[in-house]
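Geometric and topological summary
Residue-level listing of the chains:
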Amino acid sequence: MGSTTSVLFEPATIGSLELPNRIVMAPMTRSFSPGGVPGDNVVDYYRRRAENDVGLILTEGVHPNTTTADGTPNVPDIVTAEAKAGWKKVADAVHGARGKIGIQLWHEGPYRNPAKSSSPDIPSWSASGFKVPGKPLWEPMSQAQIEQAITEFVDAAVAAKEAGFDCVEFHGAHSYLLDSFFWAKTNQRTDEWGGDWTGRTKFACEIIHRTRAIVGGNFPLIIRLSQWKQQDFAAKAAQSPEELSQWLSPLVDAGVDAFHCSQRRFWEPEFEGYDLNFAGWAKKLTGLPSISVGSVGLSGEFTATYAGEVSQPASLEKLTDRMGANEFDFIAVGRALLQDPEWVLKIREERRDDLMEFSKDALATLY
Ligand SMILES: Cc1cc2nc3c(=O)[nH]c(=O)nc-3n(C[C@H](O)[C@H](O)[C@H](O)COP(=O)(O)O)c2cc1C
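These lines cover the structure that appears in this document, whether it is placed above or below. Keep in mind it's a predicted model, so treat the numbers as computed, not measured.

What counts, and at which threshold
- Residues numbered from 1 in each chain as written.
- Predicted model: local features only at pLDDT ≥ 70, side-chain atom pairs only at ≥ 80, totals over all residues.
- Heavy atoms only, no water.
- Near = heavy atom within 4 Å.
- Polar contact = N/O pair within 3.5 Å; in protein donor to acceptor, adjacent residues only side chain to side chain.
- 1 Å grid on protein atoms, 1.4 Å probe; cavity = no way out; pocket = protein on both sides within 12 Å on 5 of 7 lines; lining within 4 Å.
- Sits in = over half its atoms within 2 Å of the grid points.
- Pairing = 2+ DSSP bridges.
- Helix = DSSP H or I, 4+ residues; strand = E, 2+ residues; numbered from the N terminus.
- Axes fitted to C-alpha atoms, helices over the stretch in contact; angles between N-to-C directions.
- Contact = heavy atoms within 4.5 Å.
- Parallel < 35°, antiparallel > 145°, perpendicular 65-115°, else oblique.
- Left-handed = near helix turned anticlockwise from the far one by under 90°.
- Nonpolar A, V, L, I, M, F, W, Y, C, P; charged D, E, K, R; others polar.
- Points joined across faces, edges and corners; volume = space filled by probe spheres on them.
- Expected span 1.5 Å × (residues − 1).
- Buried < 20%, exposed > 50% of the residue type's maximum accessible area, 1.4 Å probe, protein only.
- Right-handed = clockwise from strand over helix to strand, strands pointing away.

**Digging into the site of the ligand**
Of all residues adjacent to the ligand, which total 18 residues, the nearest are Pro27, Thr29, Arg224, Ser295 and Arg335. At a separation of 2.8 Å, a nitrogen atom of the ligand approaches a polar side-chain atom of glutamine 104. Within the contact set of the ligand, an oxygen atom lies 2.7 Å away from a side-chain nitrogen or oxygen of arginine 224. If you map the ligand onto the pockets, it falls in the largest pocket.

Below, the structure is given as structure tokens:
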């Protein structure tokens, strides 16, 4: 192991979950699960990463229902018996390779494409009916729909535990359903589910709190958050550390074990005048472990991928400097690990010449 990267290979914990190193596979939608059921190709894909020493695998986003959550073809769910059985095979295979795996639960909310959903006639769910702030497309979610969504998330988390997952990550980032409640520009509600940060976090808090009551204390719950929005990459849902504290504190009280703080470039400071990134602030403000992410080991950020830009391998110095200073605990790696199941080994063994470039061609195969 090279001394410069040794900080990545120290053990650490998320709640009761002991992890051998600090590298997390970022959740990445792969769309290889027809009918919502992950098959043997998905089993092999995750097993390969476990065999090659990824510390914690987070699955692609998985739908907690097969109606309003679903707007992307061939995304898996964990609702049907077949899907749950498929995920059990995935978890067993990862454990057989001495790996750990968490499921990401993803409700597409206002970013669901109804035309591509299995329920195209059902209107999409979101806090106030906005995709673009100020332009309502649907009715705000009713009280009954909010209760239904909470129940579906909780049931999905419980099903994941039963299927053998080691933890759950709730996808609260990137403008999807949970995030539509967090961001003031898409949550204009005047009832208990809107208003200040206490109101705007209530939906996520109910999900976390009610899940915790069923799964118990020894099953880590992670929440993924992003300041940036698909509608506005420069958005800051929290404008200051004080506001960020108001966002995170209710989630801590509800029982979350770690924050996964999505940035497109992990080295960018979150607030003017301070060097800490988003995950750095989450750790500092809450004392909980945090996971950072964004362009690790690659020259370009992930949204450029879709425009066809090829990303070259890049140095890890900025990362090891920040992790060496204990700014955050874990680093999630997306495209580099999608491209190359052996990425972690190559980094540990300093096989820099073996690292691969990333192009969107990699999305067409599941290896
Ligand atoms: C193909 C692809 C699919 C993604 N799907 C998801 C997803 O399902 N859930 C999620 O939270 N983020 C998703 N992301 C974002 C990644 O988790 C990660 O934050 C992003 O790729 C930045 O990390 P990277 O620069 O290491 O790739 C996806 C990214 C890519 C490239």
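Continuing now.
**Section: the sheet that holds strand S9 (residues 290-293)**
In spatial order, the strands read S3-S4-S5-S6-S7-S8-S9-S10; together these eight strands close into a barrel with parallel pairing. For this sheet, the mean inter-axis angle between neighbouring strands, taken without regard to orientation, is 25°. When strand S4 (residues 56-62) meets strand S5 (residues 101-105), the two strands line up parallel, connected through four bridges. Along S5, the bridge assignment pairs isoleucine 57 with isoleucine 101.

**With respect to the side chain of lysine 229**
Tracing the backbone through its elements, the reader meets lysine 229 in the loop between strand S7 (221-226) and helix H7 (241-254). Of the polar contacts made by the side chain of lysine 229, one reaches the side chain of aspartate 179; its length is 2.8 Å. Among the polar contacts made by the side chain of lysine 229, one reaches the main-chain carbonyl oxygen of serine 226 at a distance of 2.7 Å. With sequence-adjacent residues up to four places away left out, lysine 229 is seen in contact with Ser175, Asp179, Trp183, Ala235 and Ala237.

**Focus: the packing of helix H1 (residues 40-51) against helix H2 (residues 81-96)**
Running from N to C, H1 and H2 point in directions that differ by 25°, and their axes come no closer than 8 Å. Considering the angle they form, H1 stands roughly parallel to H2. The crossing of H1 and H2 is right-handed. Counting all contacts with H1, which are made through Asp40, Val42, Val43, Tyr46, Arg47 and Ala50, the residues of H2 involved are Gly86, Trp87, Lys89, Val90, Ala93 and Val94. Its residues assigned to classes, the contact of H1 with H2 comprises eight nonpolar, one polar and three charged.

**Looking at the layout of surface pockets**
Considering only enclosed or pocket space, the largest pocket measures out at about 880 Å³ in volume. Contributing elements (two or more residues each) for the lining of the largest pocket: helix H9 (302-305), strand S10 (330-333) and helix H11 (335-339). Looking at the lining of the largest pocket, its residues break down into 18 nonpolar, 15 polar and four charged. Here the second largest pocket is characterised by a volume of approximately 230 Å³. Of all the secondary structure elements, the ones that give two or more residues to the lining of the second largest pocket are helix H10 (317-324) and helix H12 (343-348). Here the residues of the lining of the second largest pocket are counted per class, giving five nonpolar, four polar and five charged.

**Examining H1**
With 12 residues, H1 extends 16 Å between its outermost C-alpha atoms, agreeing within 8% with the 16 Å of an ideal straight helix rising 1.5 Å per residue. Along H1, the residues classified as buried are Val42, Val43, Tyr45, Tyr46, Arg48, Arg49 and Ala50. Tucked inside the fold, the buried residues of H1 contact strand S3 (23-25), S4, H2, S5 and H11. At the C-terminal side of H1, aspartate 53 shows a positive phi close to 75°.

**Quick look at the pairing of S9**
Burial along S9 is two-sided: the face carrying Ser290 and Ser292 and the face carrying Ile291 and Val293 are both buried. The pairing of strand S8 (residues 258-262) with S9 spans two bridges and is parallel. For phenylalanine 259, the partnering residue across the bridge sits in S9 and is serine 290. Once the chain exits S8 it traverses helix H8 (residues 278-286) before rejoining the sheet at S9, and the crossover so formed is right-handed.

**Digging into the environment of valine 132**
By the element assignment, valine 132 lies in the loop between S5 and helix H3 (143-163). In this structure, the C-alpha to C-alpha distance between valine 132 and isoleucine 214, residues 82 residues apart in sequence, is 36 Å.

**Notes on empty space enclosed by the protein**
Per the counting criterion, the structure on display carries two cavities of 30 Å³ or more. For the largest cavity, the calculated volume is near 50 Å³. Every residue lining the largest cavity is listed: Gly297, Leu298, Pro313, Ala336, Gln339, Asp340, Trp343, Leu355 and Met356. What the second largest cavity holds in volume is close to 30 Å³. For the second largest cavity, the full set of lining residues is Pro110, Phe130, Ser175, Asp179, Ser180, Trp183, Thr186, Lys229 and Gln231. Here the residues of the lining of the second largest cavity sort into three nonpolar, four polar and two charged.

By themselves, these figures tell us nothing about what the structure is for.
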